[in-house]
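# What the coordinates show
Given next are the chains, with one letter for each unit.
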Amino acid sequence: MGRKLLLDKAHIENIRLYDVYRREGGYRSVEKALKTMSPDAVTEEVKKSGLRGRGGAGFPTGMKWSFLAKPEGVPRYLVVNADESEPGTFKDRYLMEFIPHLLIEGMITSSFALGSNRAYIYIRGEYAWIVGILEQAIQEAKNNGFLGKNILGSGFDCEIYVQRGAGAYICGEETALLESLEGKRGNPRIKPPFPAVKGLWDCPTVVNNVETIAAVVPIINEGGEEYAKIGIGKSTGTKLISACGNIKKQGVYEIDMTISVEEFIYSDEYCGGIANGRQLKACIPGGSSVPILPANLLLTTAKGEKRMMTYESLADGGFATGSMMGSGGFIVLDDTQCVVKHTYTLARFYRHESCGQCSPCREGTGWMEKILLKIENGQGKMSDIDLLWDIQRKIEGNTICPLGDAAAWPVAAAIRHFRDEFEWHITNADDAQRRNYGLMHYADPIHIPTTA
Amino acid sequence: MADEVKKEAPANFKVTIDNITIEVAPGTSILNAARKIGGDVTPPAMCYYSKLQGSGGKCRTCLVEVAAGSTADPRPMPKLVASCRTNVMDGMIVKNITSERVQDARAGVVEFLLLNHPLDCPICDQAGECHLQDLGYEHGKEGTRYEFKRRTFEKEDIGPYIQLHMTRCILCYRCTYVADQLTDNRVHGILDRGDHAEISTYISKSIDNDFSGNMIDVCPVGALTDKTFRFKNRVWFTKPVDAHRDCENEKCCGKVTLWQRGDDVLRVTSRKDEWGEVQSYDGKPGWICNTCRFDKKKASDWVIEGPTSISRHSVISQGHYVGLQKPKETIAEVMGGREPKLLMDIHSISDVNSVEIASLPGPATSKTFKNVNGE
């Protein structure tokens with residue numbers, strides 16, 4: 001049984017309400033931080049914890065906080081990125097829906113550390129009902145003196161506002177989010193300057209994921225060093241994984257990053273194995289943007305080691321044989337799934353969500369979608385596969401924001417690992433319209449080169 | 001965090017672009033440093049416009065490789081950077097045409113830009129002075145690998161003077177910056193997103209600001225065209241002449257280029273520098289007002305300064321005659337002083353030649369001549 005830090009109280013009835021949350025030990029971290037610690041000490045504690053950004057990039061949070069410019073007389077802002085739009089990721093939704101006070105508590109503590117008197121939650125438009133839940137939680141916290149002026153007599157003021165987006169995936173990119181929060185069109189900004197120097201209304205800003213801010217609560221309660229003891233290496237603490245696809249038990253799981261991918265998929269505590277007695281074919285371990293892996297490379301690394309659910313192990317082997325932890329959207333595909341169709345679906349998503357600002361992403365995503373649809377419909381040519389590879393290569397790294405990369409990686413990984421399925425779709429076009437390629441060799445043990 | 005560090009900066013930064021070292025003031029972008037060197041070293045730019053704040057970074061044609069960040073931190077930058085929005089550091093080493101990565105990426109960007117761009121250059125008014133044409137000529141391939149239908153939009157009437165062909169647009173955003181920074185009321189912008197994003201007005205035909213015509217000048221392609229010039233002539237058949245007038249409008253500089261055919265003024269534009277941008281006078285960009293651009297279409301409205309100097313590489317220079325002398329009429333001399341006798345004046349039968357093409361609101365059609373003849 002792994003340790004739970006975020007969701008251990010999530011099952012308690014009415015934990016959504018302030019009274020229950022407070023009775024269960026809520027807002028202890030605010031009291032501890034505001035009464036006994038200095039802002040820098042809180043940042044130091046977060047640094048010690050080794051907490052890494054839970055939104056996808058995995059950048060150390062303490063480091064990000066210490067980059068924040070602190071010029072005199074200029075307000076600073078904390079913005080919580082709740083624009084959780086990555087296909088396959090729904091962990092923040094669970095957190096905000098069931099224990100909103102955890103987020104509010106984390107935000108007050110983090111705001112104190114950063115010296116931000118105004119904090120914003122930018123929530124995606126589709127989470128319409130959660131806005132009410134959060135605003136109720138904010139009101140309750142305010143009524144009990146945890147928000148507003150002079151919190152707990154410490155002289156620290158803090159207000160939290162919830163801003164609803166209009167449903168654009170791109171607004172999850174931090175600078176696009178800030179543009180949207182300012183009331184403009186959600187186009188990503190060109191960096192530098194980074195938000196830590198010039199963010200919201202040209203003021204220093206920290207943008208963090210919901211889960212990252214929530215994780216500040218147990219870090220302050222237990223101490224950064226205690227928190228760092230959980231997990232392996234640089235992957236410290238617990239991580240929420242939203243598992244979906246062809247598994248028996250879909251849902252949000254909190255893992256302490258010590259278990260293997262195999263255990264996560266097959267143990268009854270977590271996903272409970274593949275549904276309907278089918279076999280594991282492929283998996284996207286971190287939300288739709290990260291590279292897809294076939295079953296054999298998912299469970300073991302190219303070096304033959306067991307793949308663990310940690311930032312490092314999932315990324316082992318680079319993009320050639322590895323993937324990424326990403327935002328924790330664990331999508332499992334069984335042997336009845338078609339990788340070509342799956343890749344097409346993702347390409348369609350990115351084509352629709354590209355902001356259209358820079359040319360490689362605007363034009364390239366649409367092109368890839370059209371070619372993939374052609375292959376899926378059985379009208380593809382062999383040269384289309386190489387063309388797809390060339391397009392994704394020219395998008396990746398040449399765009400303003402990571403959406404271009406996010407659109408290129410799934411296509412690249414699908415061709416890299418499932419090229420024979422693409423080829424089969426082209427050579428057996430009629431057959432491909434009626435049946436799937438199946439599991440084939442994707443779960444076979446990989447050949448590990450031995451060093452003599 | 002480059003701009004966070006504020007140390008004692010040397011007066012000038014030394015930057016090396018394609019093995020050519022130049023000294024520039026701190027805060028100069030790589031692109032502007034390269035423009036100081038000039039020639040092939042300068043990366044092409046489709047969206048950057050030095051006179052429009054915040055422009056650039058979008059088209060990705062100006063990507064360059066930074067082989068060494070600065071003397072203090074000589075690490076190379078892992079990704080190619082947009083030279084128009086990256087400032088030089090002291091000791092920076094930049095590779096543009098000497099880098100294969102850059103050439104490859106640029107070829108990719110050009111292909112992306114041309115992917116959905118219509119190949120209607122033969123009927124496009126921008127042809128001959130189109131930046132995308134130049135870019136495609138230099139970096140493009142002879143064929144496309146795109147096998148699908150190109151994206152099209154309906155033509156849109158966005159105001160009394162400007163016609164929008166969204167199909168040709170490459171979404172450089174320059175015109176929206178003009179709307180933001182030059183005009184008082186911003187009425188147009190980008191609607192929608194991704195490959196279906198379009199430049200448009202919220203209320204149709206609503207662009208009537210005094211300086212809206214400058215949108216046409218900043219457009220790198222033929223997406224925004226001058227309604228008073230549309231289909232009247234090819235630019236390389238017209239003769240550019242520098243001229244000026246005292247404009248009543250304070251913000252208007254009054255210095256223009258007249259595009260003449262014979263003595264007719266077919267089009268008026270602001271003067272362009274060698275990078276295709278509006279020229280600056282005393283550090284101020286020479287934007288012109290709509291009165292100068294659209295209403296003053298007679299040579300007598302202007303003080304002519306002389307022929308515009310056009311780069312000899314430009315197709316426009318082929319119709320550009322300098323030092324022209326009209327051939328001497330010799331009949332009277334040969335005939336011993338007698339004038340030739342006019343057998344018939346064509347104007348007594350047809351009014352065709354009395355149509356002033358320059359003053360028509362649009363292109364001349366058969367209908368124009370019917371009206372003249374009273375049919």
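All figures in this text were calculated on a predicted structure; none of them were measured in a lab.

Turning our attention to the overall build of chain B. Counting its regular elements, chain B contains eight helices and 16 strands. By its C-alpha atoms, chain B is 85 × 50 × 45 Å across when sized along the principal axes. Looking at chain B residue by residue over its 375 residues, the buried ones come to 40%. Across chain B, every contact between residues at least 6 apart in sequence was considered, and the portion connecting residues at least 24 apart equals 63%.

Time to look at helix H5 (residues 91-98) of chain A. Along H5(A), the positions that sit buried rather than exposed are A:Lys91, A:Asp92, A:Tyr94, A:Leu95 and A:Met96. Where H5(A) is buried, its residues meet strand S1 (77-82), helix H6 (100-114), helix H7 (128-143), helix H9 (210-222), strand S7 (238-245) and strand S8 (251-256) of chain A.

What follows concerns the sheet that holds strand S6 (residues 156-157) of chain B. Residue and element names in this part refer to chain B. The sheet built from three strands is open, its strands ordered S6-S7-S10 with antiparallel pairing. The open sheet has two edge strands, S6 and strand S10 (224-226), and neither has a second partner. Pairing analysis gives two bridges linking S6 to strand S7 (residues 162-164), with the strands arranged antiparallel. The residue bridging Glu156 from the neighbouring strand is Leu164, located in S7.

Next up on the list: the domain arrangement of chain B. The assigned domain composition of chain B is domain 1 (2-106), domain 2 (117-226), domain 3 (235-319) and domain 4 (334-373). Distance from the C-alpha centre of domain 2 of chain B to the C-alpha centre of domain 4 of chain B: 37 Å.

Turning our attention to the domain arrangement of chain A. Residues and elements named next belong to chain A. What the domain assignment lists for chain A is domain 1 (18-229), domain 2 (232-334) and domain 3 (339-434). For domain 2 and domain 3, the distance between their C-alpha centres works out to 23 Å. The partner domain 3 presents twelve residues to the nine residues of domain 2 that form the contact. Grouping the amino acids of the side of domain 2 that touches domain 3 by side-chain chemistry returns seven nonpolar, two polar and no charged.

What follows is about the nonpolar core. All names here are of chain A. One finds Val79, Val80 and Leu95 to be the most contacted residues of the largest nonpolar core, which totals 227 residues. Here this core takes eleven residues from helix H18 (residues 403-427), the largest share from any one element. When near neighbours in sequence (up to four residues on either side) are disregarded, Val79 contacts Tyr120, Tyr122, Leu177, Leu178, Leu181, Leu200, Thr205 and Val207.

It is worth spelling out the sheet that holds strand S2 (residues 118-123) of chain A at this point. Residue and element names in this part refer to chain A. Spatially, S3-S2-S1-S4 is the arrangement adopted by the four strands of the open sheet, whose pairing is parallel. The open sheet has two free edges, formed respectively by strand S3 (159-164) and strand S4 (205-209), since each of these has just one partner strand. When strand polarity is set aside, the average angle formed by the axes of neighbouring strands in this sheet is 20°. Relative to S4, S1 runs parallel, the two sharing five bridges. Bridged to Tyr77 within S4 is Thr205. Lying over the sheet, helix H8 (residues 174-181) contacts S1, S2, S3 and S4, oriented at roughly 105° with respect to S1. The sheet contacts of H9 involve S1 and S4, and relative to S4 the element is tilted by about 90°.

Below, the discussion takes up the interface of chain A and chain B. At the interface, 30 residues of chain A touch 30 residues of chain B. When residues in the side of chain A that touches chain B are grouped by element, the largest group, eight residues, is from helix H16 (residues 359-376) of chain A. Partitioned by chemical class, the residues of the side of chain A that touches chain B number 14 nonpolar, nine polar and seven charged.

Time to look at helix H1 (residues 30-37) of chain B. Residue and element names in this part refer to chain B. Those residues of H1 that fall on the buried side of the exposure criterion are Ile30, Leu31, Ala33, Ala34 and Arg35. Looking at the buried side of H1, the elements it contacts are strand S1 (13-17), strand S2 (20-24), strand S3 (63-68) and strand S5 (92-95). Remark: Gly38 follows H1 within two positions and exhibits a positive phi of approximately 80°.

Residue and element names in this part refer to chain A. Of note, the amide linkage connecting Lys191 to Pro192 takes the cis form, showing an omega dihedral of -10°. In this fold, Pro192 is placed in the loop between H8 and S4. The peptide bond linking Pro192 to Pro193 adopts the cis configuration, its omega dihedral lying at 0°. With respect to the helices and strands, Pro193 occurs in the loop between H8 and S4. One non-glycine residue, Asn150, lies in the positive phi region at around 50°. Locating Asn150 in the fold gives a position in the loop between H7 and S3. Positive phi outside glycine occurs at Trp201, with the angle close to 45°. Within the secondary structure layout, Trp201 lies in the loop between H8 and S4. Classification of Trp201 by C-beta neighbours within 10 Å gives exposed; the count is 12.

Let us look at the packing of H5(A) against H7(A). All names here are of chain A. One can describe the packing of H5 onto H7 by two numbers: an axis separation of 9 Å at closest approach and a directional angle of 45°. Of the possible angle classes, the one that applies to H5 and H7 is oblique. You can see that H5 and H7 cross each other, and the crossing is left-handed. Seen from H5, the contacting residues are Arg93, Met96 and Glu97; seen from H7, they are Ile130, Ile133 and Leu134. Residue classes in the contact of H5 with H7 are distributed as four nonpolar, no polar and two charged.

Our next topic: the pairing of S4(A). In terms of burial, S4(A) is a largely internal element, five of the five residues being buried. Alternating residues of S4(A) divide into A:Thr205, A:Val207 and A:Asn209 and A:Val206 and A:Asn208, and every residue in both groups is buried.

Next up on the list: the packing of helix H15 (residues 339-353) of chain A against H16(A). All names here are of chain A. The geometry of H15 relative to H16 is characterised by a closest axis approach of 8 Å and an angle of 155° between their N-to-C directions. Taken as axis vectors, H15 and H16 run roughly antiparallel relative to one another. The two elements H15 and H16 meet at a crossing, and its hand is left-handed. Along its contact with H15, which presents Val340, Lys341, Thr343, Tyr344, Ala347, Arg348, Tyr350 and Arg351, the element H16 presents Thr365, Gly366, Met368, Glu369, Leu372, Leu373, Ile375 and Glu376. Classifying every residue of the contact of H15 with H16 by side-chain character gives eight nonpolar, three polar and five charged.

Conventions and cut-offs
- Residues numbered from 1 in each chain as written.
- Chains lettered and ligands numbered in written order.
- Predicted model: local features only at pLDDT ≥ 70, side-chain atom pairs only at ≥ 80, totals over all residues.
- Helix = DSSP H or I, 4+ residues; strand = E, 2+ residues; numbered from the N terminus.
- Buried ≥ 20, exposed ≤ 12 C-beta atoms within 10 Å, placed from the backbone.
- Contact = placed C-beta atoms within 7 Å.
- Pairing = 2+ DSSP bridges.
- Domains from an automatic or database assignment.
- Nonpolar A, V, L, I, M, F, W, Y, C, P; charged D, E, K, R; others polar.
- Core = buried A, V, L, I, M, F, W, Y, C linked by C-beta atoms within 7 Å.
- Axes fitted to C-alpha atoms, helices over the stretch in contact; angles between N-to-C directions.
- Parallel < 35°, antiparallel > 145°, perpendicular 65-115°, else oblique.
- Left-handed = near helix turned anticlockwise from the far one by under 90°.

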